[in-house]
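# Structural overview
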Amino acid sequence: MNPDLDLGMERIIRAPRATVWSAWTDPSRLERWWVPAPARCRVDQLELRPGGAFVTRLSEDGAAFVPHLDACFLAVDELERIVFTNAIDSTWRPAQPAPVAMTATITLLDHPDGTDYRMVVRHGDPTARDLHDKLGFADGWGTVSGQLAAFAEGEARR
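Residues numbered from 1 in each chain as written. Predicted model: local features only at pLDDT ≥ 70, side-chain atom pairs only at ≥ 80, totals over all residues. Heavy atoms only, no water.

### So, the nonpolar core
- Ranked by size, the top nonpolar core spans 37 residues in total, and within it Trp24, Trp33, Trp34, Phe54, Phe84, Tyr117 and Trp141 carry the most contacts.
- In terms of residues, this core owes the most to one element, helix 4 (residues 137-157), which gives 7 residues. (Core = buried A, V, L, I, M, F, W, Y, C linked by side-chain atoms within 4.5 Å. Buried < 20%, exposed > 50% of the residue type's maximum accessible area, 1.4 Å probe, protein only. Helix = DSSP H or I, 4+ residues; strand = E, 2+ residues; numbered from the N terminus.)

### A few points about the environment of Ala63
- When you line up the elements, Ala63 lands in the loop between strand 3 (53-59) and strand 4 (66-77).
- Along the chain, Ala63 and Arg40 lie 23 residues apart, while their C-alpha atoms are 9.2 Å from each other.

### So, the layout of surface pockets
- Space inside the largest pocket adds up to approximately 650 Å³.
- Contributing to the lining of the largest pocket are 25 residues, with His68, Pro99, Met102, His132 and Trp141 lying nearest its centre.
- Residue composition of the lining of the largest pocket, grouped by class: 18 nonpolar, 5 polar and 2 charged. (1 Å grid on protein atoms, 1.4 Å probe; cavity = no way out; pocket = protein on both sides within 12 Å on 5 of 7 lines; lining within 4 Å. Points joined across faces, edges and corners; volume = space filled by probe spheres on them. Nonpolar A, V, L, I, M, F, W, Y, C, P; charged D, E, K, R; others polar.)

### Details of the side chain of Asp6
- Along the chain, the position of Asp6 falls in strand 1 (residues 6-13).
- The side chain of Asp6 sits in the buried core without any salt bridge; Arg122 is the nearest counter-charge, 4.5 Å away.
- For Asp6, the residues in contact, after removing those within four places along its chain, are Met1, Val120, Val121, Arg122, His123 and Arg129. (Lys, Arg positive; Asp, Glu negative; His and termini not counted. Salt bridge = Lys/Arg side-chain N within 4 Å of Asp/Glu carboxyl O. Contact = heavy atoms within 4.5 Å.)

Right, here's the structure in full:
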């Protein structure tokens, strides 16, 4: 991780890697945690393969859904890693997404208490990194990783 260009965080999720992986790869599960509550998410496309589409919408009121993410998967290593970017949209066209272009790497590692969950979000320059940080990277990504943890831990207890 380059601290001048990247933002990251990690947490231990008290659930098996397979459960966390399923929360990422099953559209109905992803919708449960992918945007900060109380907003709601709708998954339009989740083609988990290199070059596959990752398209979501969000709703603040539960009724009107607006575009949220139009991205492309770059790498998918089952149970271990997901890499996606919004710099290329779901149709493989170059994009200039608001507020910043980024590439996110999600890594799942075994941990004695469950899953070591790591996120690194890469930016093209320090200005984009600083803007993403200023706009609330830690709060937004921290909130959804907490929601993912709560969801996966609940699933693991079933």
